[in-house]
Amino acid sequence: MTEEYTPVLVVGGMVSGLSTAAFLAHHKVPCIVAERRAATSRHPRIRGVSARTMEVFGQIGLEPAIREIDDSATEGSRVILAESLAGREIKDLVPPHNQTFEGVSPTVEAMCDQDLLEPVLLERAQAMGADVRYGTRLLWFEQDADGVRALLRSVDTGEERTVRASYLVACDGTHSPVRERLGIGRDGPGIFGHRYSVLFEADLSGAVRGRSIKICLIERFPGGGLLPRHSGRWQLTVPRNSHEGPDDFPAGRVVKLIREATGLPRLDPVIVSAEPWQVGALVAERFQDGRVFLVGDAAHIMPSTGGFGGNLCVLVATLGTQDFPDLDGAILLLEDVDEPPYKVDRMLTQLRRAGVLDGRPGAGQVLS
Ligand SMILES: Cc1cc2nc3c(=O)[nH]c(=O)nc-3n(C[C@H](O)[C@H](O)[C@H](O)COP(=O)(O)OP(=O)(O)OC[C@H]3O[C@@H](n4cnc5c(N)ncnc54)[C@H](O)[C@@H]3O)c2cc1C
């Protein structure tokens, strides 16, 4: 069997893997990206690219290409709770990303769907020399003091080859087989919700009625709602039971759910893609094991509600990640609801041992 060498083997070729490849290539470090899927994401999860992420993308010249697909100028402004899109509005909610970075950052956040963002990252990574291989699965790896040996298999042909790398970067998602193989556990509040998202095409202008909708939460689908996507597409998110997967959402059920959410009983939507996902907050116990690094969802997952920092569990879960808030000069006020005292004690101990509480002039705590 042939063995090839690369300085860095990146496992996973979605947003984290492609970003890693683009940054490595920018620094003239060759890499191979192995992704078992056939292509970049068809189903968008990401829409908001934060100002901080835009700053680092800007450092490798990616900002102009991302601004080309950034549709924040036409982004709706209202987050509403309604009986259905066409039906009665119940109330207006505060938009999740309403902070401005004017004066503190040279850039601002971008709004672009993941299915448009990843091809931009891929093009840049390849243009700068990264070797990105879709349809390529990592089967196995081992490491020694000098590097990593990995076995890759082509999904189409079954051809196998070994790759010797100085480093392996695991961008292989929340279930990260690499992290599992290394036996690295995760800590944090855990998984606290299960959702199913469907991307579809339909003319909903009648139901929108000229309103500027950013998100329409639907009362009968707690934690779910309708989100406008690019090119006139929409995404419906509904709660699901933890055991329900794609087979439990046949086309008939999906169309019924879309009709309920839109309030349009005769709507004939075209289903583009669908995906189950989990809401959770978990951080890997460590991000490195010898010559292997964890990046992206493999390293940590966060809920998409924007609850970064005001909640003790999430604050602790973000320790050691870029999401941890800057507490310099801050008064730390912790609020937590329905948390047993022993858990609060454990989390405060963790913050104290991590040095986060050192030098804080005062700390308050609200428990209810
Ligand atoms: C509904 C929703 C909305 C979101 N909105 C936002 C947002 O607005 N902004 C934001 O920043 N984040 C958002 N997120 C989070 C964001 O989508 C994820 O953090 C991000 O997509 C994770 O990317 P990743 O590359 O780390 O992992 P993934 O996208 O999961 O990619 C991992 C890849 O590794 C591959 N892989 C796994 N095992 C192997 C193997 N053995 N061999 C080869 N390949 C392998 C998989 O096939 C997969 O493609 C959202 C998430 C959800 C669910």
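To start, this report covers the structure provided alongside it.

When its secondary structure is counted, the protein shows nine helices and 20 strands. Across the 368 residues of the protein, 32% fall into the buried class. Pairs at least 24 apart in sequence give 72% of the contacts found in the protein among residues at least 6 apart.

Quick look at the site of the ligand now. Around the ligand, the surrounding shell holds 25 residues, and the nearest of these are Gly12, Met14, Ser16, Gly173 and Gly296. With three residues, helix 1 (residues 15–26) is the largest single contributor of residues to the shell around the ligand. Residues belonging to the shell around the ligand are distributed by class as follows: nine nonpolar, eight polar and eight charged.

Further remarks concern unusual backbone geometry. Unlike most non-glycine residues, lysine 28 shows phi in positive territory, near 60 degrees. Inspection of the secondary structure assignment puts lysine 28 in the loop between helix 1 and strand 2 (31–35). On the neighbour-count criterion, lysine 28 (8 C-beta atoms within 10 Å) is exposed. Non-glycine residue arginine 209 carries a positive phi angle of around 55 degrees. Considering the arrangement of structural elements, one finds arginine 209 in the loop between helix 6 (205–208) and strand 12 (213–218).

Before going further, it helps to spend a moment on helix 1. Helix length check: helix 1, at twelve residues, gives a terminal C-alpha distance of 16 Å against a target of 16 Å (1.5 Å per residue), a fit within 8%. Of all twelve residues in helix 1, eleven are buried, a share of seventy percent or more. Listed as buried for helix 1 are Val15, Ser16, Gly17, Leu18, Ser19, Thr20, Ala21, Ala22, Phe23, Leu24 and Ala25. Among the structural elements, strand 1 (3–11), strand 2, helix 4 (114–127), strand 7 (131–134) and strand 10 (160–170) are those in contact with the buried residues of helix 1.

Let us now look at helix 4. Each α-helix winds once per 3.6 residues, and so residues spaced three or four apart point in a common direction. With 14 residues, helix 4 extends 20 Å from end C-alpha to end C-alpha; this agrees with the ideal 20 Å at 1.5 Å per step. Taken together, the buried positions of helix 4 are Asp115, Leu116, Leu117, Glu118, Leu121, Leu122, Arg124 and Ala125. Contact partners of the buried residues in helix 4: helix 1, strand 3 (48–49), helix 3 (63–69) and strand 7. One or two steps after helix 4, the chain reaches glycine 129, where phi turns positive at roughly 110 degrees.

Once that is clear, we can look at the pairing of strand 14 (residues 233–239). A large share of strand 14 lies buried, amounting to five of its seven residues. Sheet topology places strand 11 (residues 186–201) next to strand 14; seven bridges connect them, and they run antiparallel. If you follow phenylalanine 200 over to strand 14, its bridge partner there is tryptophan 234. Examined bridge by bridge, strand 13 (residues 225–228) and strand 14 share four bridges and lie antiparallel to one another. Each bridged residue has a counterpart across the sheet, and for glycine 225 the counterpart in strand 14 is threonine 237.

Okay, the nonpolar core next. Formed by 50 residues in total, the largest nonpolar core has its most connected members in Leu9, Ala21, Leu168 and Ala170. With seven residues, helix 1 is the largest single contributor of residues to this core. With sequence-adjacent residues up to four places away left out, leucine 9 is seen in contact with Ile32, Ala34, Val148, Ala150, Val163, Ala165 and Leu168. Among the nonpolar cores identified, the runner-up in size contains 22 residues, and Phe200, Ile218, Leu226 and Trp234 belong to it.

The mixed open sheet is built from eight strands, whose spatial order is 5-4-12-13-14-11-15-18. Of all strands in the sheet, those bounded by a partner on one side alone are strand 5 (89–93) and strand 18 (300–301). Relative to strand 14, helix 7 (residues 251–262) is tilted by about 100 degrees, and along the sheet it contacts strand 11, strand 12, strand 13, strand 14 and strand 15 (270–284).

Turning our attention to the pairing of strand 1. For strand 1 and strand 10, the ladder comprises eight bridges, and the chain directions are parallel. When the sheet's bridge partners are listed, threonine 6 is paired in strand 10 with alanine 165. Where strand 1 meets strand 2, four bridges bridge the pair, whose relative direction is parallel. The residue of strand 2 that forms the bridge with valine 8 is cysteine 31. Following the backbone out of strand 1, through helix 1 and into the adjacent parallel strand 2, one traces a crossover that is right-handed.

Okay, the packing of helix 1 against helix 4 next. Close contact between helix 1 and helix 4 brings their axes to 8 Å; oriented N to C, the two are set at 25 degrees. Looking at the two axes, helix 1 sits roughly parallel to helix 4. Crossing of helix 1 over helix 4 shows left-handed handedness. Across from Val15, Leu18, Ser19, Ala21, Ala22 and Ala25 in helix 1, the residues of helix 4 making contact are Gln114, Leu117, Glu118, Leu121, Leu122, Arg124 and Ala125. Considered class by class, the residues forming the contact of helix 1 with helix 4 number nine nonpolar, two polar and two charged.

This paragraph deals with the environment of valine 155. Looking at the secondary structure, you find valine 155 in the loop between strand 9 (148–154) and strand 10. Once residues lying within four places of it in the same chain are set aside, the contact partners of valine 155 are Arg36, Gly135, Thr136 and Arg137.

To continue, consider the environment of glycine 225. Checked against the element boundaries, glycine 225 lands in strand 13. Given 22 C-beta atoms within 10 Å, glycine 225 falls into the buried group. C-alpha of glycine 225 to C-alpha of serine 197: the two residues are 28 residues apart in sequence and 9.3 Å apart in space. Among residues more than four places away in sequence, those in contact with glycine 225 are Ile215, Cys216, Leu217, Ile218 and Thr237.

Cut-offs and rules
Residues numbered from 1 in each chain as written. Predicted model: local features only at pLDDT ≥ 70, side-chain atom pairs only at ≥ 80, totals over all residues. Helix = DSSP H or I, 4+ residues; strand = E, 2+ residues; numbered from the N terminus. Buried ≥ 20, exposed ≤ 12 C-beta atoms within 10 Å, placed from the backbone. Contact = placed C-beta atoms within 7 Å. Near = placed C-beta within 6 Å. Nonpolar A, V, L, I, M, F, W, Y, C, P; charged D, E, K, R; others polar. Expected span 1.5 Å × (residues − 1). Pairing = 2+ DSSP bridges. Core = buried A, V, L, I, M, F, W, Y, C linked by C-beta atoms within 7 Å. Axes fitted to C-alpha atoms, helices over the stretch in contact; angles between N-to-C directions. Right-handed = clockwise from strand over helix to strand, strands pointing away. Parallel < 35°, antiparallel > 145°, perpendicular 65-115°, else oblique. Left-handed = near helix turned anticlockwise from the far one by under 90°.

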